[in-house]
Amino acid sequence: MYLNKGKDESLRRFHPWVFSGAVNHVDGKPAEGDLVRVLTHDGEFIAVGHWQIGSIAVRVLSFDDEPIDQDFWATRLSTAYQLRKAIGVAENPDNSTYRLVHGEGDNLPGLVIDIYGQTAVMQAHSVGMHVSRMSIAQALKQVMGERLQSIYYKSETTLPFKAELGQENGFLLGSSSDNVAMENGLKFHIDWLKGQKTGFFVDQRDNRSLVEKYAKGRNVLNMFCYTGGFSVYAMRGGAQLVHSVDSSQKAVDLVNANVELNFPGDLRHKAFADDAFKYLEQMETAYDLVILDPPAFAKHRDAVRHAIKGYTKLNARAMEKMPKGSILFTFSCSQAISKEQFRMAVFTAATLAHRKVSILHQLHQPADHPINIYHPEGEYLKGLVLYVE
Ligand code: SAH
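Scoring rules and cut-offs
Every chain is numbered on its own, with residues counted from 1 as its sequence reads. Owing to the predicted nature of the model, reporting of local features is limited to residues with pLDDT of at least 70; listing and counting of side-chain atom pairs is limited to 80 or more, with chain, interface and lining totals taken over all residues. Only heavy atoms go into the side-chain values, all of them from the structure, while hydrogens and water stay out. Strands pair, by our definition, only if DSSP identifies at least two bridges between them. Going along the chain from the N terminus, every DSSP run of H or I of four or more residues is numbered as a helix, and every run of E of two or more is numbered as a strand. For helices, the fitted axis covers only the stretch in contact; all axes are lines through C-alpha atoms, and the angles between them, taken along N-to-C directions, range from 0 to 180 degrees. Crossings are sorted by hand: turned counterclockwise from the far helix by less than a right angle, the near helix makes the crossing left-handed, and turned clockwise it makes it right-handed. Residue contacts follow a heavy-atom distance rule, with two residues in contact if any of their heavy atoms lie within 4.5 Å. One heavy atom within 4 Å of a molecule or strand is enough for the residue carrying it to be called near that molecule or strand. Here a polar contact is recorded for every N or O atom pair within 3.5 Å, except that within protein the pair must consist of a potential hydrogen donor and a potential acceptor, and residues adjacent in sequence are included only if both atoms are side-chain atoms. For the accessible areas, the method is Shrake-Rupley and the probe is 1.4 Å, while residue cover comes only from the protein chains on display. For this classification, the nonpolar set comprises Ala, Val, Leu, Ile, Met, Phe, Trp, Tyr, Cys and Pro, the charged set comprises Asp, Glu, Lys and Arg, and every other residue, Gly included, is treated as polar. A helix is expected to span 1.5 Å multiplied by its residue count minus one. Buried means the residue's accessible area, taken with a 1.4 Å probe over protein chains only, is under 20% of the maximum for its type, while exposed means over 50%, and partly exposed covers the values in between. Here, nonpolar core means buried Ala, Val, Leu, Ile, Met, Phe, Trp, Tyr and Cys residues that are tied together by side-chain atoms lying within 4.5 Å of each other. Note: domain ranges come from an automatic or database domain assignment.

### Regarding the sheet that holds strand β8 (residues 111-116)
Here we have five strands laid out as an open sheet, ordered β7-β8-β9-β10-β11, and mixed in their pairing. Of all the strands in the sheet, just β7 (97-102) and β11 (170-173) have a single pairing partner and so form its edges. Taken over all neighbouring pairs, the strand axes of this sheet differ in orientation by 25° on average, direction set aside. With four bridges joining them, strand β9 (residues 119-124) and strand β10 (residues 150-153) adopt parallel strand pairing. Residue pairing in the sheet places M122 in a bridge with Y153 of β10.

### Focus on the sheet that holds strand β18 (residues 326-332)
Taken together, seven strands build an open sheet; the order of strands is β16-β15-β14-β17-β18-β20-β19 and the sheet is mixed. Looking at which strands have only one partner, the edges of the open sheet turn out to be β16 (269-273) and β19 (357-364). Pairwise comparison of adjacent strand axes, ignoring direction, gives a mean angle of 15° for this sheet. The pairing of β18 with strand β20 (residues 382-388) spans seven bridges and is antiparallel.

### A word on the packing of helix α5 (residues 205-214) against helix α6 (residues 229-236)
Viewed as axis vectors pointing N to C, α5 and α6 meet at an angle of 35°, and their least axial separation amounts to 7 Å. At the point where α5 passes α6, the crossing takes the right-handed sense. For the pair α5 and α6, the contacting residues are R205, N207, R208, S209, V211 and E212 in the first and G229, F230, Y233, A234 and R236 in the second.

### Thoughts on the site of the ligand
Around the ligand, a shell composed of 16 residues is seen, among which Q196, D246, D275, A276 and D293 lie nearest. At 3.1 Å from a nitrogen atom of the ligand is found a main-chain nitrogen or oxygen belonging to S247. A276 places a polar main-chain atom, nitrogen or oxygen, 2.8 Å from a nitrogen atom of the ligand. Taken by itself the ligand offers 580 Å² of open surface, and the protein chains cover 87% of this. Split by residue class, the shell around the ligand holds seven nonpolar, four polar and five charged.

### Observations concerning helix α2 (residues 70-86)
For α2, which comprises 17 residues, the first-to-last C-alpha distance of 24 Å matches the rise-based estimate of 24 Å (1.5 Å per residue) to within 8%. Listed in full, the buried residues belonging to α2 are F72, W73, A74, R76, L77, A80, Y81 and R84. Where the residues of α2 are buried, they touch β5 (45-51), β6 (56-62), β7, β8, α3 (127-131) and α4 (133-144). Remark: G88 follows α2 within two positions and exhibits a positive phi of approximately 85°.

### Structural notes on the nonpolar core
The nonpolar side chains of a soluble globular protein tend to be buried, and buried together. Counting 37 residues, the largest nonpolar core has Y116, I291 and F329 as its most contacted members. Sorting the residues of this core by element identifies β13 (186-189), α5, α6, α7 (249-262), β17 (289-292) and β18 as the ones contributing at least two each. Of the residues forming this core, the biggest block, five residues, is contributed by α6. Among the domains, domain 2 (70-184) and domain 3 (201-388) are the pair contributing at least three residues each to this core. Of all hydrophobic cores here, the second largest spans 35 residues; its members include L39, L111, A137 and L159.

Dropping the structure here:
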């Protein structure tokens, strides 16, 4: 694939995407997911990657002219594994839940792998990664050895819809149903077969630990609780009571099961299936530690303005009712919303709620969701911890 003149600049800075507007012409007729070598206008090799249909034409796998084979995958996966060992989330007796591969952050654009005990849940976001899935699975087994017994491939909803692959979820290795994994010494049921994403939101691990630190003696509301990660940490932190809310009854069942798994018979916890706005409007408990971790309000750039309004309204509703001296953990996982936009939305919420508010912490995704320094788009999770006077 030959680039238009001057369109090699971002690739020389190791940005891992080639946009379709940069493509001059292609020798042959690659199918979506095929490997293509990217050349400058003058024919100099610059990168090799997966061909795609859409605004991103190539997702770069390597800036070296090397074969993309099982050895290549094994090397990349091994590097990713070493990083997880270095940051203390892998081979840690208290923790068997972590993200092993975070797409561009691990120089594997289009691939996500989460580890739950001896099971890996693998998700392809590009046709190229889908085509390579067996090779990647074999390389993964090679790198992890006996530590890995099952690989569940879960890409039904993440592959480009237009590619019409008709892919179904299923095991590429083993068939584990042992679905309890450990995060920082706490146990969680993880439903990789039916759960959202790969089954668990691994990205809130560090932020949950911070909630634990602040929970002592507080009345905690965990809004958008899903599996109840924040709730279980708050209970370990000595919260007086913990209420978990999610619009999905399945989530409510999950949080109850996870609380029972860690604190059997503990009456401090209750879960409610309800809409967030309705609950915030009608609630009577004075919660002095509130967590708001909603689903991505903006999945695309076009939805940004609408999403900002959503964040503002949600945060204002919560702040209005919080007693003096409360703490609010508020998050956005929308990649399309910048840190500044999110902060501005929360700032507007504080004004609307007429509250004095200070920022205690600025939170982000954890180290097992690394950001490729050449690909700042990889930063998606942002959070603020606020003191509400
Ligand atoms: N905090 C969770 C992840 C939240 S995912 C964790 O740490 O794992 C977002 C959750 O919001 C989903 O479980 C979804 O069911 C729930 N949700 C979506 N819309 C909602 C609404 N309007 N009111 C309440 N919950 C909602």
